[in-house]
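# Remarks on the overall topology
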Amino acid sequence: QVQLVESGGGLVQAGGSLRLSCAASGRTFSSYAMGWFRQAPGKEREFVAAISWSGGRTYYADSVKGRFTISRDNAKNTVYLQMNSLKPEDTAVYYCAADWAGGSHYAKEGQYDYWGQGTQVTVSS
């Protein structure tokens, strides 16, 4: 069992930055690939970024590539999402998720075994 708790969301002006954190419980955190997803009002949840268990591979949605960076610290059981050059369209609830199997389906919600409760990010224009 893995419990995930996101933090770091808030209100920021367009062009600003935020860093989201996702703290995981459990001794097997380093065995999980991790992902970030987001859901804007009235829209389906969408993939944002993912990172392999070792941190050696990262993946991004085209909409955030070059602006967001996913990283992890297995010693701290934490995954991060550094978000720069934020745009109003980045406004959403951001969720982290843990994936035991890893593999190529990192952008699919069904790949993930555990989810956090989400943190709100609001970008004003």
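Use the structure listed above.
The sections below set out a description of the structure shown in this document. This one's a predicted model, so the numbers in the text were calculated from it and none came from an experiment.

## Some thoughts on the packing of aromatic side chains
What the rule picks out here adds up to 8 aromatic pairs. Between Tyr-59 and Tyr-106, the ring centres sit 3.8 Å apart and the planes meet at 15 degrees, which makes this aromatic pair stacked. With a gap of 47 residues between them, Tyr-59 in strand S6 (residues 58-60) and Tyr-106 in the loop between strand S9 (92-99) and strand S10 (114-115) connect regions that are remote in the sequence. The exposure class of Tyr-59 is partly exposed, given its relative accessible area of 23%. According to the relative accessible area criterion, Tyr-106 is partly exposed, its value standing at 25%. Put simply, the rings of Phe-37, Phe-47, Tyr-59, Tyr-106, Tyr-112 and Trp-115 touch in pairs and so form one group of aromatic residues. Lying over the aromatic face of Tyr-95, Arg-45 brings its terminal NZ or CZ to 4.7 Å of the ring centre. In this arrangement the basic side chain of Arg-45 is found over the ring face of Trp-115, its NZ or CZ atom lying 4.0 Å from the centre.

## Focus on the pairing of strand S5 (residues 46-51)
Taking burial as the measure, the 6 residues of S5 include 5 buried ones, the bulk of the element. Bridge analysis of strand S4 (residues 33-39) against S5 gives 5 bridges, and the strand direction is antiparallel. Along S5, the bridge assignment pairs Trp-36 with Ala-49. Remark: 6 residues form the turn of the hairpin made by S4 and S5, two consecutive strands paired antiparallel; Gly-42 in that turn has positive phi of roughly 75 degrees. Across 3 bridges, S5 lies against S6 in antiparallel orientation. What sits directly across from Ala-49, in S6, is Tyr-60. The antiparallel hairpin formed by S5 and S6 contains 6 residues in its connecting segment, where Gly-55 sits at a positive phi of about 85 degrees.

## Describing the environment of Glu-6
Within the secondary structure layout, Glu-6 lies in strand S1 (residues 4-7). On a C-alpha basis, the gap between Glu-6 and Ala-107 in space is 19 Å, while along the polypeptide they are 101 residues apart. A distance of 3.0 Å separates a polar atom in the side chain of Glu-6 from the backbone nitrogen of Gln-117.

## Observations concerning the state of the cysteines
Taken as a whole and assessed by the stated rule, the structure comprises 1 disulfide. Disulfide partner of Cys-22: Cys-96, at an S-S distance of 1.9 Å. Between Cys-22 and Cys-96 the sulfur-sulfur dihedral comes to about 45 degrees; the bridge is accordingly right-handed. Here Cys-22 is found in strand S3 (residues 18-24), whereas its partner Cys-96 is found in strand S9, with 74 residues between them in sequence.

## Topic: unusual backbone geometry
Of note in the backbone geometry, Asn-77 takes a positive phi value of approximately 55 degrees without being a glycine. Along the chain, Asn-77 turns up in the loop between strand S7 (68-73) and strand S8 (78-83). Despite not being glycine, Ser-85 shows a phi value in the positive range, around 50 degrees. Inspection of the secondary structure puts Ser-85 in the loop between S8 and S9. Taking the relative accessible area as the measure of exposure, Ser-85 reaches 41% and is therefore partly exposed.

About the criteria used
- Residues numbered from 1 in each chain as written.
- Predicted model: local features only at pLDDT ≥ 70, side-chain atom pairs only at ≥ 80, totals over all residues.
- Heavy atoms only, no water.
- Phe/Tyr/Trp six-rings, centres within 6.5 Å; stacked < 30°, edge-to-face > 60°.
- Helix = DSSP H or I, 4+ residues; strand = E, 2+ residues; numbered from the N terminus.
- Buried < 20%, exposed > 50% of the residue type's maximum accessible area, 1.4 Å probe, protein only.
- Lys NZ or Arg CZ within 6 Å of the ring centre and 35° of its normal.
- Pairing = 2+ DSSP bridges.
- Polar contact = N/O pair within 3.5 Å; in protein donor to acceptor, adjacent residues only side chain to side chain.
- Disulfide = S-S within 2.5 Å.

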